[in-house]
Amino acid sequence: MQLGKIRIRFNVLLLIMTALFLLTVISWAALDTRNGSLHTGQMIAILQLAGILMQTVVLMALISLQAQETAVARDRMVKFTAPEPEYDPAPQKGTAGEPLRFERMSVAKLKFRFSGKNPLLRDISLELKKGEIIVLSGETGHGKSILLQILQKCYPYEGGSVRIGHRELETIDTLVWRRTIGVVPQDIPVFSGTLLANICLDPATENIDKVRRFCQLHGFDRFFENLPQSYTTLLGEGGITLSGGQKQLLALARCLYTAPQLILLDEPTTAMDTATEQFVIAILQKLRGQAGLLIISHKDSLTEIADRVYLLEKGTTRQVSRSAGLSIAH
């Protein structure tokens, strides 16, 4: 932006200087031609040479700006390519191929801050077992969504521990861990493609029957088959053809399609009507015996089905009663 502003000011200055220079040359040549010191052909030659000279000077002056813009672009590319990958793409011997069995997650005294910022999470402690539903509530901007991203291994935590069974989360292979969990984020990515490809993330036509059977098993079919071309409906970049509630249903179907053992849900029903929300709640209750569910929500309908409710405020968590959770939601 700074270089752009400099370029604009510089171009205006060059145009003014060029105009003044050419005006001076034209005035001098016209005066000398009138006095007989120059012939008309000589005056025209002088004006042409002056124009060529000014174009060259302007181009040379702009080279420095282009060099600085090139340096900025190079620095951006270096910053983009320099960070270490979040996991080693090469299979880790003895770990990458092994499935992980989730039974219990324990978060103790977790701390996190963004670089150069004050601590966002100071003392986060909670427990979740397979077959349980816990709800995390609290005011906006206190770090609930960041906690879910930490649990996905998107950010390293500064202190405390996250244990999956007897293993620290940091020691678990990232690919193995992300195959174990399912996530419904608050900002749902929808790709330019069919509904089928957005559910299974694979556009191959042989997946149509698998996706259809999955949706019929969980009851999503009554929502998706009403779309113009059913599972082959093109959604458009960002899901411009879907409503907010339909995007959340898509995200939930995508999450459950891989049969995760730990499910992380960030405000999964905020854009849904009451009937659709009750449908989602029924699905979540059916999943109790198959997975552990951690839900971020302010809705009393989700707080009511929770085994425990945690309140996150000022970077710390504390367990509250479900009735207290309802008052928080209101």
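Residues numbered from 1 in each chain as written. Predicted model: local features only at pLDDT ≥ 70, side-chain atom pairs only at ≥ 80, totals over all residues. Heavy atoms only, no water.

**Topic: the pairing of strand E7 (residues 262-266)**
Consecutive side chains along a regular strand alternate between the two faces of the sheet.
1) Next: In terms of burial, E7 is a largely internal element, five of the five residues being buried.
2) Next: Side chains Leu 262, Leu 264 and Asp 266 project from E7 onto one buried face, and the interleaved Ile 263 and Leu 265 project onto a second face that is buried too.
3) Next: As judged from the four bridges shared by strand E6 (residues 181-184) and E7, these two strands associate in the parallel manner. By the bridge assignment for E7, Ile 181 is matched with Leu 262.
4) Next: Pairing of E7 with strand E8 (residues 292-296), which is carried by five bridges, proceeds in the parallel orientation. Across the sheet, the residue bridging to Leu 264 is Leu 294, located in E8. (Buried < 20%, exposed > 50% of the residue type's maximum accessible area, 1.4 Å probe, protein only. Helix = DSSP H or I, 4+ residues; strand = E, 2+ residues; numbered from the N terminus. Pairing = 2+ DSSP bridges.)

**As for unusual backbone geometry**
1) Next: Look at Ser 230: it is not a glycine, yet its phi comes out positive at around 55°.
2) Next: Examined against the element boundaries, Ser 230 turns out to sit in the loop between helix H7 (221-224) and helix H8 (244-257).

**So, the packing of aromatic side chains**
1) Next: Using the criterion set out here, one finds eight aromatic pairs in the structure.
2) Next: Residues Phe 214 and Phe 220 carry aromatic rings whose centres are separated by 6.1 Å and whose planes lie at 20° to one another, so their mutual orientation is stacked. You'll find Phe 214 and Phe 220 in the same group, each marked buried.
3) Next: Judged by centre distance (5.3 Å) and plane angle (90°), the ring pair of Phe 214 and Tyr 257 falls under edge-to-face. Of this pair, Phe 214 sits in helix H6 (residues 207-218) while Tyr 257 is found in helix H8, placing the two residues 43 residues apart along the sequence.
4) Next: Residue classification places Phe 214 among the buried residues on the basis of a relative accessible area of 9%.
5) Next: Given the relative accessible area of 23%, Tyr 257 is considered partly exposed.
6) Next: What links up through ring pairs into an aromatic cluster is the set Phe 214, Phe 220, Phe 223, Phe 224, Tyr 257 and Phe 279. (Phe/Tyr/Trp six-rings, centres within 6.5 Å; stacked < 30°, edge-to-face > 60°.)

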